[in-house]
Amino acid sequence: SRPPTGAKKATLQSFNDTDGFIEKKEFKKLLLNLFYYNKLFWLFDQCDNDHDRRMDMKEFQWCCTMCGLKMSQSKAKAEFAKIDRNGGGIILFDEFCEYFVSKACPEAMTSFIADE
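Conventions we followed
- Residues numbered from 1 in each chain as written.
- Predicted model: local features only at pLDDT ≥ 70, side-chain atom pairs only at ≥ 80, totals over all residues.
- Heavy atoms only, no water.
- Phe/Tyr/Trp six-rings, centres within 6.5 Å; stacked < 30°, edge-to-face > 60°.
- Helix = DSSP H or I, 4+ residues; strand = E, 2+ residues; numbered from the N terminus.
- Buried < 20%, exposed > 50% of the residue type's maximum accessible area, 1.4 Å probe, protein only.
- Lys, Arg positive; Asp, Glu negative; His and termini not counted.
- Salt bridge = Lys/Arg side-chain N within 4 Å of Asp/Glu carboxyl O.
- Polar contact = N/O pair within 3.5 Å; in protein donor to acceptor, adjacent residues only side chain to side chain.
- Contact = heavy atoms within 4.5 Å.
- Core = buried A, V, L, I, M, F, W, Y, C linked by side-chain atoms within 4.5 Å.
- Arc of directions from axis to C-beta.

Trainee: Sorry, what's going on with the packing of aromatic side chains here?
Mentor: Evaluated as defined, the whole model comprises five aromatic pairs. Ring geometry for Phe-96 versus Phe-100: centroids 6.3 Å apart, planes at 35 degrees, classification tilted. With Phe-96 and Phe-100 both in helix α5 (residues 93–102) and four residues apart, the pair spans about one turn of that helix. One aromatic cluster is present, formed by Phe-41, Phe-44, Phe-93, Phe-96 and Phe-100 through successive ring pairs.

Trainee: Which parts of the structure should I look at to understand the side chain of Asp-48?
Mentor: Here Asp-48 shows up in the loop between α2 (24–47) and β1 (54–55). We note that Asp-48 is buried and unpaired, the nearest opposite charge coming from Arg-53 at a distance of 6.2 Å. A polar side-chain atom of Asp-48 sits 2.7 Å from the main-chain amide nitrogen of Arg-53. Ignoring any residue separated from it by four or fewer positions in sequence, one finds Asp-48 in contact with Arg-53, Arg-54 and Glu-59.

Trainee: Explain the nonpolar core to me, please; I cannot follow it from the model alone.
Mentor: Nonpolar side chains in soluble globular proteins tend to end up buried together. Counting 21 residues, the largest nonpolar core has Leu-40, Met-55, Phe-60, Cys-63, Ile-91 and Phe-96 as its most contacted members. No other element matches the six residues that α2 contributes to this core. For Phe-96, the residues in contact, after removing those within four places along its chain, are Leu-40, Leu-43, Phe-44, Met-55, Cys-63, Ile-83 and Ile-91.

Trainee: Looking at this structure, how should I read helix α3 (residues 57–66)?
Mentor: Given 3.6 residues per helical turn, the α-helix brings residues three or four places apart onto the same face. Those residues of α3 not exposed but buried are Met-57, Glu-59, Phe-60, Cys-63 and Cys-64. Each buried residue of α3 sits inside an arc of 160 degrees when the element is viewed along its axis, so together they form one side. In α3, the exposed positions angled more than 90 degrees off the buried face are occupied by Lys-58 and Thr-65. The residue sitting at the N-terminus of α3 and contributing the capping side-chain oxygen is Asp-56; that oxygen lies 3.2 Å from the backbone nitrogen of Lys-58. With its phi angle positive at about 85 degrees, Gly-68 sits one or two positions after the end of α3.

Right under this line is the structure:
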């Protein structure tokens, strides 16, 4: 999903909301999620060197370097394989977001995401 739909979905899930509508109490969280997903999209786009909206292993390694994550080649390949669920050799933005969010914004990336 693109940043707006991913942010809405994340917001609704965080409130266990089943009606599909953002209510007043959920609005602040939606704005935070929109900001967060926009930052993720920017990061993904910066690392997608050929601009095909897919990230290959080389681009993923660049992404890790750009974020200050230090991983061995084998660890990077293992993490890439976790993200690339269908084994196609590419990571889509949805997969990237799910992985990043599942890591609960690793500490090494927190300052990167922060708006300074």
